[in-house]
Amino acid sequence: MRGYRTIKYTLFIFCYFFWVVSAVLTAVGIYAKIAKEKDVVDTLTLDPALLLIIVGSVMFLITFLGCFGALRNATCLLKTFLGILTAVLLLQIAAGVVGYLFTDKVMERTEKLMTKAIVLYREDQDLENAIDFIQKKFQCCGVESYKDWSHNVYFKCSDTNPSLEACGVPFSCCVQLQNQTVLNTMCGYGMQQLEESSARQDVFTIGCLEKIVSWAKNNLLLVAGLTAGLLLLEVCMISLAAAQICRINKVQQQRKEISHRGTSERKDSYWYPPFADFDEE
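Computed from a prediction, not measured in an experiment: that's the story for all the values here.

**What about the overall build of the chain?**
Along the backbone of the chain there are eight helices and zero strands. Listing every helix and strand of the chain by position from the N terminus yields α-α-α-α-α-α-α-α. Accessible surface, the chain: about 19,000 Å² in total, of which carbon and sulfur atoms supply 63%.

**Digging into helix H2 (residues 48-72)**
For H2, built from 25 residues, the straight-helix expectation of 36 Å at 1.5 Å per residue is met to within 8% by its first-to-last C-alpha distance of 35 Å. If you check which residues of H2 are buried, you get Ala49, Leu50, Ile53, Gly56, Ile62, Thr63, Leu65, Gly66, Cys67, Gly69 and Ala70.

**Quick look at the pattern of salt bridges**
The final tally for this structure, using the stated rule, is four salt bridges. With its nearest N and O atoms 3.7 Å apart, the salt bridge here joins Glu108 to Lys112. A residue pair is termed a helical-turn pair when its members lie 3 or 4 positions apart in one helix, as Glu108 and Lys112 do in helix H4 (residues 103-119) at four residues. When its relative accessible area of 38% is taken as the criterion, Glu108 is described as partly exposed. A salt bridge links Arg122 to Glu165, with the shortest nitrogen-to-oxygen separation between them at 2.5 Å. Of this pair, Arg122 sits in the loop between H4 and helix H5 (125-138) while Glu165 sits in the loop between H5 and helix H6 (196-199), and the two are 43 residues apart along the sequence. One salt-bridge network, held together by shared partners, links Arg122, Glu128 and Glu165.

**What to know about the side chain of Gln135**
Within the fold, Gln135 resides in helix H5. Other than its neighbours up to four places away in sequence, Gln135 contacts Cys140, Cys141, Gly142, Trp149, Pro170, Ser172, Cys173, Phe204 and Cys208.

**Some thoughts on the packing of aromatic side chains**
We describe a pair of aromatic rings using the distance from one ring centre to the other and the angle between the two ring planes. Applying the stated criterion across every chain, the model contains nine aromatic pairs. Relative to Phe60, the ring of Trp19 has its centre 5.4 Å away and its plane inclined at 35°; by these criteria the two rings are tilted. Placement of Trp19 in helix H1 (residues 2-35) and of Phe60 in helix H2 is noted, with a sequence separation of 41 residues between them. Of the residues examined, Trp19 reaches a relative accessible area of 26% and is grouped as partly exposed. Look at Phe60 and you get partly exposed, because its relative accessible area is 33%. Taken together through their ring pairs, the aromatic side chains of Phe12, Tyr16, Trp19 and Phe60 make up a single cluster.

**Examining the state of the cysteines**
Evaluated as defined, the whole model comprises four disulfides. Residue Cys140 pairs covalently with Cys208 via a disulfide, S to S 2.0 Å. Handedness of the Cys140-Cys208 disulfide follows from its S-S torsion of about 85°: it is right-handed. Taken as a pair, Cys140 in the loop between H5 and H6 and Cys208 in helix H7 (residues 208-218) lie far apart in primary sequence, 68 residues in all. An identical accessibility class is assigned to Cys140 and Cys208; each is buried. Between the sulfur of Cys141 and that of Cys173 lies a disulfide, 2.2 Å long from S to S. Taking the torsion about the S-S bond as the criterion, the Cys141 to Cys173 disulfide, at about 85°, is right-handed. Note that Cys141 is positioned in the loop between H5 and H6 and Cys173 in the loop between H5 and H6, a separation of 32 residues in sequence. Here Cys141 matches Cys173 in class, with each residue buried. If one numbers only the bonded cysteines of the chain, in the order they occur, the disulfide pattern is 1-8, 2-5, 3-4, 6-7.

**Notes on the packing of H2 against helix H3 (residues 75-101)**
One can describe the packing of H2 onto H3 by two numbers: an axis separation of 8 Å at closest approach and a directional angle of 145°. Of the two possible hands of crossing, H2 and H3 adopt the one that is left-handed. Here Ile62, Leu65, Gly66, Phe68, Gly69 and Ala70 of H2 come into contact with H3, specifically with Leu77, Leu78, Thr80, Phe81 and Ile84. The residue makeup of the contact of H2 with H3, split by class, is eight nonpolar, three polar and no charged.

**A word on unusual backbone geometry**
The phi angle at Gln139 is positive, at roughly 55°, despite the residue not being glycine. Relative to the helices and strands, Gln139 is located in the loop between H5 and H6.

**Concerning a nonpolar patch on the surface**
Judged by side-chain polarity, Leu90, Ile93, Val97, Val98, Tyr100, Leu101, Phe102 and Val106 come together as a nonpolar surface patch covering roughly 820 Å² of accessible area. With six residues, the single largest contributor to the nonpolar patch is H3. Secondary-structure assignment places Val98 in helix H3.

Each value, and the rule that gives it
- Residues numbered from 1 in each chain as written.
- Predicted model: local features only at pLDDT ≥ 70, side-chain atom pairs only at ≥ 80, totals over all residues.
- Heavy atoms only, no water.
- Helix = DSSP H or I, 4+ residues; strand = E, 2+ residues; numbered from the N terminus.
- Areas by Shrake-Rupley, 256 points an atom, 1.4 Å probe, with all protein chains shown as cover.
- Expected span 1.5 Å × (residues − 1).
- Buried < 20%, exposed > 50% of the residue type's maximum accessible area, 1.4 Å probe, protein only.
- Salt bridge = Lys/Arg side-chain N within 4 Å of Asp/Glu carboxyl O.
- Contact = heavy atoms within 4.5 Å.
- Phe/Tyr/Trp six-rings, centres within 6.5 Å; stacked < 30°, edge-to-face > 60°.
- Disulfide = S-S within 2.5 Å.
- Axes fitted to C-alpha atoms, helices over the stretch in contact; angles between N-to-C directions.
- Left-handed = near helix turned anticlockwise from the far one by under 90°.
- Nonpolar A, V, L, I, M, F, W, Y, C, P; charged D, E, K, R; others polar.
- Patch = residues over 30% accessible without salt bridge, like charges linked within 9 Å, V, L, I, M, F, W, Y side chains within 5 Å.

Rendered as structure tokens:
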């Protein structure tokens with residue numbers, strides 16, 4: 001009995017934790033979506049708010065099934081939770097294998113996606129903040145180089161471009177001085193007109209795609225550990241759900257056998273043994 005309770009409440013705690021996390025993600029995504037202006041980019045791959053809502057909602061539904069199923073011993077909910085989580089695990093493994101086998105295709109697709117994000121840089125505040133964070137964090141600029149910002153209409157390096165930021169790069173590309181206390185948002189103006197040797201003194205010139213890939217290779221153990229930890233946690237939850245379903249089915253089967261045995265005994269009681277002596281009493 002104690003073993004069953006351990007399985008039940010361990011699964012419930014895991015699911016409840018991710019249920020709360022998914023609710024927070026969904027709430028943050030909804031708040032960010034409401035706070036935005038109406039005329040903004042509204043695609044799943046380039047809208048962080050929409051991505052949070054989708055991911056949070058899916059997690060909320062899956063973990064709710066696990067929470068309620070584990071707490072109420074509902075095999076139908078637990079089986080649904082087990083099936084969905086198993087499918088998610090297999091999809092993650094398949095995505096990893098496909099990504100490894102078709103690395104060039106994945107890199108090409110990623111490059112196109114990042115270029116599209118640059119094009120829509122000023123169209124979505126969340127996307128703009130995300131790009132600025134990445135460029136500051138990895139000390140990079142653009143996709144392959146700082147001149148990729150010419151794909152954006154505001155930073156396009158052209159004589160016909162009336163924008164004040166023409167031929168420039170965002171301030172997140174700028175090299176920050178050690179004792180700098182005031183942020184100079186105009187530090188990237190005109191940088192695309194300079195050669196790389198001159199521009200690198202003021203802005204980062206290496207593209208973010210190269211920097212991110214380099215970071216992943218240098219921190220391979222960390223990336224592998226996080227990935228393995230996530231997969232192990234999913235396997236653990238799948239195992240707990242399967243164990244609880246087995247225990248519930250076993251108890252139900254035992255109860256059916258006991259009930260069937262009791263019914264048989266009651267039926268037998270209606271028949272007297274052969275040659276019974278009714279005069280004994």
